[in-house]
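# Residue-level structure breakdown
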Amino acid sequence: MTHETNNHYAIETRGVNLYYGNFRAVKDVDLQIVPQKITAIIGPSGCGKSTVLRSFNRMNDFVPSFRMEGEILFHGQNIYAEDVDPVMVRQRIGMVFQKPNPFPKSIYENVAWGARINGYKGNLDELVEQTLRDAALWDEVKDNLKKSGLSLSGGQQQRLCIARALAVKPEIILMDEPCSALDPIATLKIEELMRELSRQYTIIIVTHNMQQAARASDYTAFFTMDDDRAGLMVEYGETHQIFTNPRDQRTEDYITGRFG
Amino acid sequence: MQKELITHPPLADAGSIRAIHLKKKPRLGEMFIQGFLFFCGAVSILTTLGIIYELGKESLLFFQMPGVTLIEFFTRTEWQPTIGKFGVLPLVTATLMTTFFAMLVALPLGLSAAIYLSEYASPRARSILKPILEILAGVPTVVYGYFALTTMTPFLRLLFGDQVQVYNTLSAGLVMGIMILPLVCSMSEDALSAVPQSLREAAYGLGGTRLETALQVVVPAALSGIIAAFILAISRAIGETMIVALAAGAGPNFTFNPFLSAETLTGYIARISGGDVAYDTPDYNSIFAIGLLLFGATLLLNILSRRLVARFREVYE
Ligand SMILES: Nc1ncnc2c1ncn2[C@@H]1O[C@H](COP(=O)(O)OP(=O)(O)OP(=O)(O)O)[C@@H](O)[C@H]1O
Ligand SMILES: [Mg+2]
């Protein structure tokens, strides 16, 4: 096992190529995600950000035409290896989606469901309260835990979805444009929350919002598209460096708004 | 801006302003189509009203006959209109039994098939299985009736021995269930497929297995639609005629034994209207009363199902 060598990365990709049928959506990605930090993935629309993110917890398995080459290592294990159970992968690598998607169940059930199916043995009430507090939602919903998750506002729903993801106690949380449906105040709340969560969790966030990437992340990966529309990673480094002193002309063009 | 508007001369007087055309324009094609569509809608509504009127009028004749009362109709357990026995219960129990056995088959199998098609089947498997189900739905009911009589009943007799009569409600009910299965399956599948993919992704993203996701997230989200499918299936079973007329029995029998022959509400109507009964005899009038009963039952079920579907729509967004 290559365990030791990868121990200090939360996720490491090696020569990853991602395909939809014959179309190569992403090519040759080698990326190391630092644990307990926030990594932002930025880049123009269609460059494969979501595809990369969803390959980190095998969410693309549900796309019949999806195919991958290379290795994605989590704790030194290739999560695409034959003997790996994708359900176990997703328990440890949670996801928050672009559009808030609470279950049509009560707020309580939304949070408790994931823990319950994963055989959580402790006190569910406590877990629900704790994760709702962690997601900075507790004060707003504590009197209405029986109300439907769908009765909340968009920003509250998104925090509910974050709480729901936390309740499973993952190590990594993937977020695909989690603020794109939210107003600036709700967005700031989520960003504060991410900062808070990054003490315990590794967070990878896809965003179209340059300011968000600049202010909320520690590391930034910039992706773009080749002439054959395959996405590739142009530059990866500390956020401060990417935004103040990009090494690649394409990165500079993109972050200064001169792209395309 | 405001001021300018007020000081402006009225439009009509201003010759210099170019008149624009805002008058109504006759659109003949539009009017014709609208009228035609209205006519089509009206036909179906008028037909329904006509049916209600006819059923009501003839049933009234029935209930005005000497010796017929509503109480007797709904409480007595013998049904022989020709000799003055007007208790509809034997027909009702037979209908309840065939419906019950049909649902025993159609609901679990139909829902399971729907879950399989919507949550498990590969696109290829789905493209093979759905047409097969549609064929099942297209088989004429008379074929099902003979299937009950010549295949299901002998099979039941093999299992349970001679206590199973040649005509019996169990056989008719089970086969009716097979007939209704495609309806339950396709309606439930519609309800399941209408559940947004994002909900499934949410469940999988929390480490849900396919089964947990299907049963604990997708099915509850589609529940009202599924219940609506169930209710429609029940009203279909209550109204089904050919299978029960052929296989359940041709004579009222107040029993809860599924192995015995018993005539259902629809079976009775089919038998009486198939024979030559004279106008204004008790037999003749009674079939309208029973028709009204059936109409009321299915109407009630349909209203219930519409309510549930409406609730279902409220679930997301
Ligand atoms: N399910 C799919 N089947 C086929 N092709 C897909 C599928 N999903 C994405 N693609 C293609 O893969 C490429 C990358 O898509 P992806 O959604 O990863 O881009 P993105 O960077 O997330 O874009 P955006 O910023 O608009 O969300 C696009 O060309 C897209 O058309
Ligand atoms: Mg995307």
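Bear in mind that the values here come from a model prediction, so they are computed numbers and not experimental data.

### What to know about the overall build of chain B
Across its full length, chain B carries 13 helices and 2 strands. In terms of C-alpha radius of gyration, chain B reaches 28 Å, well past the compact-globule figure of 20 Å for 317 residues. Looking at chain B alone, contacts between residues at least 24 apart form 70% of all its contacts between residues at least 6 apart. Accessible surface computed for chain B: about 17,800 Å², of which carbon and sulfur atoms make up 68%.

### Remarks on the environment of Ile272(B)
All names here are of chain B. With respect to the element layout, Ile272 can be found in helix α12 (residues 265–274). By relative accessible area, Ile272 is classed as buried at 6%. As for Ile272 and Ile287, which are separated by 15 residues in sequence, their C-alpha atoms are 7.5 Å apart. In this structure Ile272 touches Val277, Asp283 and Ile287, once residues within four positions along its chain are discounted.

### Comments concerning the side chain of Asn57(A)
Residue and element names in this part refer to chain A. You can see Asn57 is positioned in the loop between α2 (49–55) and β4 (66–74). Of note is the side chain of Asn57, whose polar atom sits 3.4 Å from the backbone oxygen of Ile93. Beyond its immediate sequence surroundings of up to four residues, Asn57 is in contact with Val89, Arg90, Ile93, Gly94, Met95 and Leu174.

### A closer look at the UniProt feature "transmembrane region" (unreviewed entry) in chain B
Residues and elements named next belong to chain B. The sites that carry the UniProt feature "transmembrane region" (unreviewed entry) are, in the present numbering, residues 31–53, 88–116, 128–149, 169–192, 213–234 and 284–304. The span residues 88–116 is 97% helical and 0% strand by assignment, and the distance between its end C-alpha atoms comes to 41 Å. The straight-line gap between the two end C-alpha atoms of residues 284–304 is 31 Å; of that span, 100% is helix and 0% is strand.

### Some points on the packing of helix α5 (residues 123–138) of chain B against helix α7 (residues 169–193) of chain B
Residues and elements named next belong to chain B. Closest axis-to-axis distance for the α5/α7 pair is 8 Å, and the angle between their directions is 135°. Between α5 and α7, the interaxial angle falls into the category oblique. Relative to α7, the crossing made by α5 is left-handed. Each of Arg126, Lys130, Leu133, Leu136 and Ala137 in α5 lies in contact with α7, whose residues at this interface are Ile178, Leu181, Pro182, Cys185 and Glu189. A breakdown of the residues in the contact of α5 with α7 according to their chemical character gives 7 nonpolar, no polar and 3 charged.

### Regarding the packing of aromatic side chains
Residue and element names in this part refer to chain B. Going through the model one piece at a time under the given rule, you end up with 17 aromatic pairs over all chains. Plain terms: the ring middles of Phe62 and Phe73 are 5.9 Å apart, the flat faces sit at 70° to each other, and that makes the pair edge-to-face. Pair noted here: Phe62 is in helix α2 (residues 28–64) and Phe73 is in helix α3 (residues 70–75), with a separation of 11 residues, a long-range link. Judged on exposure class, the residue Phe62 and its partner Phe73 are both buried. Taken together, a centroid distance of 5.1 Å and an interplanar angle of 85° make the contact between Phe63 and Phe73 edge-to-face. With Phe63 in helix α2 and Phe73 in helix α3, this residue pair connects regions lying 10 residues apart in the sequence. Its relative accessible area of 24% is what places Phe63 among the partly exposed residues. What links up through ring pairs into an aromatic cluster is the set Phe62, Phe63, Phe73, Phe74, Trp79, Phe86 and Tyr268.

### Let's talk about the side chain of Ser261(B)
All names here are of chain B. The topology assignment puts Ser261 in the loop between α11 (242–247) and α12. On the basis of relative accessibility, which here comes to 18%, the residue Ser261 falls in the buried class. With residues near it in sequence (within four places) discarded, Ser261 still touches Gln165, Tyr167, Asn168, Ala248, Gly249 and Asn253.

### Thoughts on the interface of chain B and chain A
With 20 residues of chain B at the contact, the number on the chain A side is 24 residues. For the pair chain B and chain A, the summed buried surface comes to about 1,800 Å²; carbon and sulfur atoms form 67% of the total. One can count 1 salt bridge joining chain B with chain A. For Glu201(B), the salt bridge is made with Arg54(A), and the minimal N-O distance between the two is 2.8 Å. Connecting chain B to chain A are 5 residue pairs in polar contact (both at pLDDT 80 or more). Mapped onto the side of chain B that touches chain A, the elements with two or more residues apiece are α8 (197–205) and α9 (210–221) of chain B.

### Things to note about the UniProt feature "domain: ABC transporter" (unreviewed entry) in chain A
Feature annotation in UniProt places "domain: ABC transporter" (unreviewed entry) on residues 11–255 of chain A, given in this structure's numbering. With 36% helix and 27% strand, residues 11–255 of chain A has end C-alpha atoms that lie 25 Å from one another.

Conventions and cut-offs
- Residues numbered from 1 in each chain as written.
- Chains lettered and ligands numbered in written order.
- Predicted model: local features only at pLDDT ≥ 70, side-chain atom pairs only at ≥ 80, totals over all residues.
- Heavy atoms only, no water.
- Helix = DSSP H or I, 4+ residues; strand = E, 2+ residues; numbered from the N terminus.
- Rg over C-alpha atoms; globule rule 2.2 N^0.38 Å.
- Contact = heavy atoms within 4.5 Å.
- Areas by Shrake-Rupley, 256 points an atom, 1.4 Å probe, with all protein chains shown as cover.
- Buried < 20%, exposed > 50% of the residue type's maximum accessible area, 1.4 Å probe, protein only.
- Polar contact = N/O pair within 3.5 Å; in protein donor to acceptor, adjacent residues only side chain to side chain.
- UniProt positions renumbered as here; feature names shortened; annotations may be inferred.
- Axes fitted to C-alpha atoms, helices over the stretch in contact; angles between N-to-C directions.
- Parallel < 35°, antiparallel > 145°, perpendicular 65-115°, else oblique.
- Left-handed = near helix turned anticlockwise from the far one by under 90°.
- Nonpolar A, V, L, I, M, F, W, Y, C, P; charged D, E, K, R; others polar.
- Phe/Tyr/Trp six-rings, centres within 6.5 Å; stacked < 30°, edge-to-face > 60°.
- Buried area = accessible area lost by both parts, 1.4 Å probe.
- Salt bridge = Lys/Arg side-chain N within 4 Å of Asp/Glu carboxyl O.

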